[in-house]
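Reading the structure
Here's the letter readout for the chains.
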Amino acid sequence: LALGSACLAAACARLTHCHPFLLADNRHVTFYVWRHVLGRHWAARYALLPAYLLGGWLLYPPLWRTHGALRALFLCCCAALVLVPTPLIEPRYLTLPVLLLRLHAPPLRRPREWLPPLLLFAAVNAAAIGLFLYRPYQWVDGSVARFMW
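Basis of the calculations
Residues numbered from 1 in each chain as written. Predicted model: local features only at pLDDT ≥ 70, side-chain atom pairs only at ≥ 80, totals over all residues. Heavy atoms only, no water. Phe/Tyr/Trp six-rings, centres within 6.5 Å; stacked < 30°, edge-to-face > 60°. Helix = DSSP H or I, 4+ residues; strand = E, 2+ residues; numbered from the N terminus. Buried < 20%, exposed > 50% of the residue type's maximum accessible area, 1.4 Å probe, protein only. Lys NZ or Arg CZ within 6 Å of the ring centre and 35° of its normal. Salt bridge = Lys/Arg side-chain N within 4 Å of Asp/Glu carboxyl O. pLDDT = per-residue confidence, 0-100. Patch = residues over 30% accessible without salt bridge, like charges linked within 9 Å, V, L, I, M, F, W, Y side chains within 5 Å. Areas by Shrake-Rupley, 256 points an atom, 1.4 Å probe, with all protein chains shown as cover.

Before going further, it helps to spend a moment on the packing of aromatic side chains. Enumeration according to the criterion identifies 4 aromatic pairs in this entry. Their ring planes at 75° and their centres at 6.4 Å tell us that Trp-42 and Tyr-46 sit as a pair that is edge-to-face. Consider the rings of Tyr-60 and Trp-64, whose centres lie 5.5 Å apart with planes at 70°: the pair is edge-to-face. Of this pair, Tyr-60 and Trp-64 both sit in helix H3 (residues 49-67), 4 residues apart, which is roughly one turn of the helix. The exposure class of Trp-64 is partly exposed, given its relative accessible area of 46%. Stacked on the ring of Phe-132, the Lys or Arg Arg-146 has its end atom at 5.5 Å from the ring centre.

Put into C-alpha cells, the structure is as follows:
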C-alpha cells in the first residue's frame, strides 16, 4: 500500500501537466475538469490518489487469483504504461487498456458484481448525453456549439 501510494504520488507529481490542446477547446468536458478541478490548485491532482488506490485494490486481487501474481502485475504495468504518460485526458485512451484488463479479469456472474459498474457507466453516459442535448452554448459568432468528450 505504501509503495503503491508512493509510486502514484510520484506519477502525479512528474506526469501531470496541462497540454496546450486541453485548454484550447472549451467544447470538451476535460477542459472544464482541468480548469475547475485539477488546474485550480497544485494539490488537486493528489486528491484523486485515494480513488486510484481503490481502483487498483479492486482490480489487482481478481487478476492475481485468475492469472497469478506475475501476469497480473504485467497486465497492470502495461495498462499503466499506456495511461500514465498520455498528454491529454481523453476517455478514448482508457478504452483499450480497460477492455483488455476486463477481458483478463474473472467473469462477473452475480448481480452484485456486474450491477455497480453497469450503473456507473450508465450514469456517466447519461450525464454526457444530457450535457450534449440540454446544455448548448453560443460561440462568439452566434453559432450553437455542444459539449463532447
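The full count for this structure, using the stated rule, is 1 salt bridge. In this structure, Glu-113 and Arg-110 form a salt bridge, with 3.1 Å as the shortest nitrogen-oxygen distance. For Arg-110, a relative accessible area of 42% translates into the label partly exposed.

On average, residues of the protein chain score 83 in pLDDT, and 99% of them are at 70 or above. Within the protein chain, the element-level pLDDT minimum falls on helix H2 (residues 29-38), averaging 80, and the maximum on helix H6 (residues 111-134), averaging 90.

Here we come to a nonpolar patch on the surface. Taken together, the side chains of Leu-108, Trp-114, Leu-115, Leu-118 and Leu-119 present a nonpolar region at the surface, about 440 Å² in accessible area. With respect to the helices and strands, Leu-119 occurs in helix H6.

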